[in-house]
Amino acid sequence: MKRNRVNTQAVIESSCFILFGAAVLYLLCSEQYLSYVTPRMRPYLFFTVLVMGIWAAVSMRDLFKTVYRKRIGRSLILLLPMILLFLPHGEMGISHLSGSTGLLTGSIIGIPSSGPKESPPSDTALTEASEWMRLIWPAEDAPEQRPERTDIYLSADVYGEPLALHGYDEENRRIIVSNEEFYQWLIAITEHLDKFEGYEITMTGSVYQDPAVFSENEFVPARLVMACCVADLAPCGVVCVYDKMDEVEPDSWVTVTGTLHRGQYRGQDEPQIHVLSVLPAEPVEGYLFPYS
């Protein structure tokens, strides 16, 4: 009785498909994929895992099929991206982009990729209870039990959807920007500079300096924003004016406190911070994802 020989091409093809799918699934489960693409790519990556599984199953059907001319190289090409993905590397930092890209401000990155941004809600619309209460208080609380909140600023995201920002103190004219709401506050401040001019603000970022853009007494406590993938990373933040720049180390993480004022760059109004203090801060991991 003649024994069927194992088709090595089918074995290698199936193995490559399985390994590639497992690698993508690992990146998804560990959320390391966020170092390469935005969260909105998650469904497509799961689809990739599914496709790899189907291709592996199809290849396995030919496990004992006789093939006289093997084409193994076409499968091994999947090994290259796997090797690149798992090589030791860290997240991109501000220093990797200095001099290669311009600074993004809220007025620029606040425009959604799908089209022009809707106008932000008016002050009257922001106070309409039925829509906004759900953002601030649990649904089971009765309206009469809900205290008036003074630490919330009611704004809108890049798509015009309701958004509640924290760290807002209207009475004392102060804003403390959390790391999680860095991008959202950047948009709100840029679009409503008349309202926030003169406010004291505190925010954390990596010191970004570009001699081609900034004066000797200017820097930005910046974060990296990703619109689609790691290839379009760019720094974003508010320009700070500081007379003690010799005390600020480039690319270091700092917490800046200062007063918001209206400045100009190339004829365009922009928010600027007149710095009162600069303190060392712990690095903040992860990128900002404006459209996810």
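On a predicted model such as this, the values are computed, not experimentally measured, just so you know.

Visitor: In this structure, what is going on with the overall build of the protein? I would like to understand it.
Guide: When helices and strands are counted, the protein shows ten helices and ten strands. Out of the 292 residues in the protein, the part that is buried amounts to 39%. Taking the intrachain contacts of the protein between residues at least 6 apart in sequence as the baseline, contacts between residues at least 24 apart amount to 68%. Total accessible area on the protein stands at roughly 17100 Å², and carbon and sulfur atoms take up 56% of it.

Visitor: What should I look at first to understand the side chain of Ser59 in this one?
Guide: The residue Ser59 is located in helix H2 (residues 42-60) in this model. If we ignore the near neighbours within four places in the chain, the residues touching Ser59 are Ala10, Glu13, Ser14 and Phe17.

Visitor: Explanation requested: the nonpolar core in the structure shown.
Guide: Soluble globular proteins tend to pack their nonpolar side chains together in the buried interior. Judged by nonpolar contacts, the single largest core of 34 residues is most densely connected at Ile175, Trp185, Phe196, Ile201, Phe219 and Ile273. Mapped by element, the contributors of at least two residues to this core are helix H9 (182-191), strand E5 (200-208), strand E6 (218-225), strand E7 (234-236), strand E9 (253-265) and strand E10 (268-280). Looking at which element gives the most residues to this core, the answer is H9, with seven residues. Judged by nonpolar contacts, the second largest core, of 15 residues, contains Ala23, Val24, Tyr33 and Met82.

Visitor: So what exactly am I meant to see when it comes to helix H1 (residues 8-30) here?
Guide: Counting along an α-helix, one turn takes 3.6 residues, and residues three or four places apart therefore face a common direction. The terminal C-alpha atoms of H1, which comprises 23 residues, lie 32 Å apart, in line with the 33 Å expected from a rise of 1.5 Å per residue. Those residues of H1 that fall on the buried side of the exposure criterion are Gln9, Ala10, Glu13, Ser14, Cys16, Phe17, Phe20, Gly21, Ala23, Val24, Leu27 and Leu28. Of the residues flanking the end of H1, it is Glu31, one or two places downstream, whose phi is positive at about 65°.

Visitor: When you look at the packing of H1 against H2 in this model, what are you seeing that I'm missing?
Guide: Helix-helix packing: each pair is described by the crossing angle between the helix axes and the interaxial distance. The contact between H1 and H2 brings their axes to 8 Å, and the two run at 160°. As summarised for this structure, H1 and H2 are arranged roughly antiparallel, according to the angle between their axes. Crossing of H1 over H2 shows left-handed handedness. Of the residues in H2, those in contact with Ala10, Glu13, Ser14, Phe17, Ile18, Phe20, Gly21, Val24, Leu25 and Leu28 of H1 are Arg42, Leu45, Phe46, Thr48, Val49, Met52, Trp55, Ala56, Ser59 and Met60. For the contact of H1 with H2, the class distribution of residues is 14 nonpolar, four polar and two charged.

Visitor: Would you mind showing me how to read the pairing of E9 here?
Guide: Each regular strand carries side chains that alternate between the two faces of the sheet. One ladder, built from seven bridges, connects E5 with E9; its direction is antiparallel. By the bridge assignment, Met203 is partnered in E9 with Val256. As defined by bridge partners, E9 adjoins E10 across twelve bridges and the pair is classed as antiparallel. Within E10, the residue paired with Tyr265 across the bridge is Gln268.

Visitor: Which parts of the structure should I look at to understand the confidence of the model for the protein?
Guide: It should be kept in mind that the predicted coordinates are not to be read in detail where pLDDT is low. Looking at the protein as a whole, the pLDDT averages 78, with 73% of positions reaching at least 70. The spread of mean pLDDT over the elements of the protein runs between helix H8 (residues 129-136), the lowest at 38, and strand E4 (residues 174-176), the highest at 96. Predicted confidence for residues 106-147 stays below pLDDT 50, and this span has 58 contacts to residues more than four positions away or in other chains.

Visitor: Looking at this model, I keep getting lost on unusual backbone geometry. Mind explaining?
Guide: Note on backbone geometry: most residues besides glycine have negative phi, and most peptide bonds are trans. Look at Glu31: it is not a glycine, yet its phi comes out positive at around 65°. Tracing the backbone shows Glu31 in the loop between H1 and H2. What makes Glu31 partly exposed here is its relative accessible area of 48%.

Visitor: Is there a simple way to think about the packing of aromatic side chains in this case?
Guide: Where two aromatic rings form a pair, the distance of their centres and the angle of their planes describe that pair. Scanning the model with the defined rule gives eleven aromatic pairs in all. Plain terms: the ring middles of Tyr153 and Trp185 are 5.7 Å apart, the flat faces sit at 25° to each other, and that makes the pair stacked. Of this pair, Tyr153 sits in strand E1 (residues 152-156) while Trp185 sits in helix H9, placing them 32 residues apart in sequence. Measuring from ring centre to ring centre gives 6.1 Å for Tyr168 and Tyr199, while their planes differ by 5°; the resulting arrangement is stacked. In this pair, Tyr168 sits in strand E3 (residues 168-169) while Tyr199 sits in the loop between helix H10 (193-196) and E5, placing the two residues 31 residues apart along the sequence. No difference in accessibility class separates Tyr168 from Tyr199, as the two residues are buried. Each member of the aromatic cluster is reached from another via a ring pair, and the members are Tyr153, Tyr168, Trp185, Phe196 and Tyr199. The ring centre of Phe182 lies 5.7 Å from the NZ or CZ of Arg223, which sits over that ring.

Visitor: In this structure, what is going on with the pattern of salt bridges? I would like to understand it.
Guide: When the charged atoms of two side chains lie near each other, side chains of opposite charge can form a pair. Under the criterion given, the structure shown has four salt bridges. Glu170 is the salt-bridge partner of Lys195, the closest N and O atoms lying 3.8 Å from each other. Placement of Lys195 in helix H10 and of Glu170 in the loop between E3 and E4 is noted, with a sequence separation of 25 residues between them. Overall, the relative accessible area of 46% leaves Glu170 in the partly exposed class. In this structure, Arg262 and Asp269 form a salt bridge, with 3.0 Å as the shortest nitrogen-oxygen distance. Residue classification places Asp269 among the partly exposed residues on the basis of a relative accessible area of 44%.

Thresholds, definitions, all that
Residues numbered from 1 in each chain as written. Predicted model: local features only at pLDDT ≥ 70, side-chain atom pairs only at ≥ 80, totals over all residues. Heavy atoms only, no water. Helix = DSSP H or I, 4+ residues; strand = E, 2+ residues; numbered from the N terminus. Buried < 20%, exposed > 50% of the residue type's maximum accessible area, 1.4 Å probe, protein only. Contact = heavy atoms within 4.5 Å. Areas by Shrake-Rupley, 256 points an atom, 1.4 Å probe, with all protein chains shown as cover. Core = buried A, V, L, I, M, F, W, Y, C linked by side-chain atoms within 4.5 Å. Expected span 1.5 Å × (residues − 1). Axes fitted to C-alpha atoms, helices over the stretch in contact; angles between N-to-C directions. Parallel < 35°, antiparallel > 145°, perpendicular 65-115°, else oblique. Left-handed = near helix turned anticlockwise from the far one by under 90°. Nonpolar A, V, L, I, M, F, W, Y, C, P; charged D, E, K, R; others polar. Pairing = 2+ DSSP bridges. pLDDT = per-residue confidence, 0-100. Phe/Tyr/Trp six-rings, centres within 6.5 Å; stacked < 30°, edge-to-face > 60°. Lys NZ or Arg CZ within 6 Å of the ring centre and 35° of its normal. Salt bridge = Lys/Arg side-chain N within 4 Å of Asp/Glu carboxyl O.

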